[in-house]
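Summary of structural features
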Amino acid sequence: MAEARSRIIFAHDKDIFTKEDQARYKSFRRHIGWIKVGLQAMTHEDRNGVSAATRLRKWALAQGFDVMWDMKLDDIPNTTGNAVRNIAAHGSSLITLHASAGKPAMAAAAEALAQSGKRAALLAVTVLTSINKKECVSIFGDSPGPKVVQFARDAIAMGVTGLVCSPQELRALEQADLSHELMLVVPGVRPAWASAHDQKRIMTPAQAIRAGADLLVIGRPISEHRNPQEAARLIWEEIESV
């Protein structure tokens, strides 16, 4: 099994990136290998007009973290492909786009990344972990399991190498014989001692790894813990024990 540290992605899902964040994230380095830069930081600028996301990405790379650029692209193929090329040029190792953008958009993204020559992976976001079965049927016309399997097949056919899905869909992907063809990145991970917050389809870190997850995205269970460094260590220990 890969080193536990390399399987944990800490989600920086807030507007700003402060000196306090820098000190805290440095304390995570023994137990966490990735930083996820989210939409809140991408849409917030400092007094000099620089986004928090840009500052965080540069800092994280300089500190030896890998970066997941979680923009969740969802646009026409030409725009999506050009955006992926731009993101890859800045050093992010994981780039997200919505599978629901369609097969042409995923194909354009995969082609743009290949042409860029950068070592990065595309992740097709399937059904958000905040969406329950009823809402999934309303949006996509099917329940999460079958829809995620369909998105996975579309992603593989279009040259996308990774998938973002709830841990609850990992078994469906395994049964469809698709798990081995994709890097499986899983949010909706909550240790037994943490609140579920707005996540609907969750598992503990150990459960998700046993079910086939490659990387785990974990934010609030760490950032909102009374001792974030301790929370990071506890999650690392849980994965190490699998």
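Source: prediction; values computed, not measured. (Residues numbered from 1 in each chain as written. Predicted model: local features only at pLDDT ≥ 70, side-chain atom pairs only at ≥ 80, totals over all residues. Heavy atoms only, no water.)

1. Comments concerning the overall build of the chain
- Scanning the chain for helices and strands turns up 11 helices and eight strands.
- With respect to the principal axes defined by its C-alpha atoms, the chain has extents near 40 × 40 × 35 Å.
- Here the contacts in the chain between residues at least 6 apart in sequence split such that 68% fall between residues at least 24 apart.
- Carbon and sulfur atoms make up 47% of the accessible area of the chain, which totals about 11,100 Å². (Helix = DSSP H or I, 4+ residues; strand = E, 2+ residues; numbered from the N terminus. Contact = heavy atoms within 4.5 Å. Areas by Shrake-Rupley, 256 points an atom, 1.4 Å probe, with all protein chains shown as cover.)

2. Re the sheet that holds strand β1 (residues 8–12)
- Spatial ordering of the closed barrel is given by β1-β2-β3-β4-β5-β6-β7-β8, a layout of eight strands whose pairing is parallel. Here the average twist between neighbouring strands, direction ignored, is 25 degrees.
- Pairing of strand β4 (residues 94–98) with strand β5 (residues 121–125), which is carried by five bridges, proceeds in the parallel orientation. Bridge pairing in β5 places T96 opposite L123.
- Packing against the sheet, helix α4 (residues 77–89) makes contact with β3 (66–73), β4 and β5, and its axis sits at approximately 160 degrees to β3. (Pairing = 2+ DSSP bridges. Axes fitted to C-alpha atoms, helices over the stretch in contact; angles between N-to-C directions.)

3. Some words on the packing of helix α1 (residues 19–28) against helix α11 (residues 228–240)
- At a closest axis distance of 9 Å, the pairing of α1 and α11 adopts a crossing angle of 30 degrees. One element, α1, and the other, α11, form an angle in the roughly parallel class. Note on packing geometry: the crossing formed by α1 with α11 is right-handed. Residue-level contacts link R24, S27 and F28 of α1 to P228, Q229 and A232 of α11.
- Residues of the contact of α1 with α11, tallied by class, amount to three nonpolar, two polar and one charged. (Parallel < 35°, antiparallel > 145°, perpendicular 65-115°, else oblique. Left-handed = near helix turned anticlockwise from the far one by under 90°. Nonpolar A, V, L, I, M, F, W, Y, C, P; charged D, E, K, R; others polar.)

4. Details of unusual backbone geometry
- Residues other than glycine seldom take positive phi values, yet K72 does so here, at roughly 50 degrees.
- Looking at where K72 falls in the secondary structure, it is placed in strand β3.
- Phi is positive for D177, which is not a glycine, with a value near 60 degrees.
- Summarising the element assignment, D177 is placed in the loop between α8 (170–175) and β7 (183–186).

5. Quick notes on the nonpolar core
- Of all hydrophobic cores here, the largest spans 64 residues; its most connected members are Y25, V37, L122, L163, L173, L216 and I222.
- Residue contacts for L173: discarding those within four places in its chain leaves V148, V149, A152, L163, C165, L178, S179 and L184. (Core = buried A, V, L, I, M, F, W, Y, C linked by side-chain atoms within 4.5 Å. Buried < 20%, exposed > 50% of the residue type's maximum accessible area, 1.4 Å probe, protein only.)

6. Comments concerning the packing of aromatic side chains
- Inspection of the entire model under this criterion finds eight aromatic pairs.
- Residues F140 and F151 carry aromatic rings whose centres are separated by 5.5 Å and whose planes lie at 85 degrees to one another, so their mutual orientation is edge-to-face. Of this pair, F140 sits in helix α6 (residues 133–140) while F151 sits in helix α7 (residues 144–157), and the two are 11 residues apart along the sequence.
- The class of F151 is buried, set by a relative accessible area of 4%.
- By way of ring pairs, the aromatic residues F10, F17, Y25, F28, W59 and F65 are connected into one cluster.
- Taking NZ or CZ as reference, R30 lies 5.9 Å from the ring centre of W236, over its face.
- Here K147 stacks its cationic end above the ring of F151, 5.1 Å away from the centre of that ring. (Phe/Tyr/Trp six-rings, centres within 6.5 Å; stacked < 30°, edge-to-face > 60°. Lys NZ or Arg CZ within 6 Å of the ring centre and 35° of its normal.)

7. So, the state of the cysteines
- Per the counting criterion, the structure on display carries zero disulfides.
- Cysteine C136 shares no disulfide, and the gap to the nearest cysteine sulfur, in C165, comes to 12 Å.
- Judged by its relative accessible area of 0%, C136 is buried. (Disulfide = S-S within 2.5 Å.)

8. Focus on the side chain of T96
- Structurally, T96 can be placed in strand β4.
- Side-chain polar atoms of T96 contact the backbone nitrogen of K72, separated by 2.9 Å.
- For T96, the residues in contact, after removing those within four places along its chain, are M68, W69, D70, M71, K72, L73, L123, V125 and V164. (Polar contact = N/O pair within 3.5 Å; in protein donor to acceptor, adjacent residues only side chain to side chain.)

9. Considerations on the pattern of salt bridges
- Summed over the entire model, instances satisfying the criterion amount to six salt bridges.
- Between K36 and D13 there is a salt bridge, with the nearest N and O atoms lying 3.0 Å from each other. Residue K36 is found in strand β2 (residues 34–37), and its partner D13 is found in the loop between β1 and α1; the two are separated by 23 residues along the sequence.
- The salt bridge partner of D46 is R55, with a shortest N-O separation of 3.5 Å.
- Using a relative accessible area of 27% as the deciding quantity, one classes D46 as partly exposed.
- Relative accessible area serves as the criterion here: at 28%, R55 is assigned to the partly exposed category.
- Through salt bridges with shared partners, one network takes in D13, K36, D70 and K72. (Salt bridge = Lys/Arg side-chain N within 4 Å of Asp/Glu carboxyl O.)

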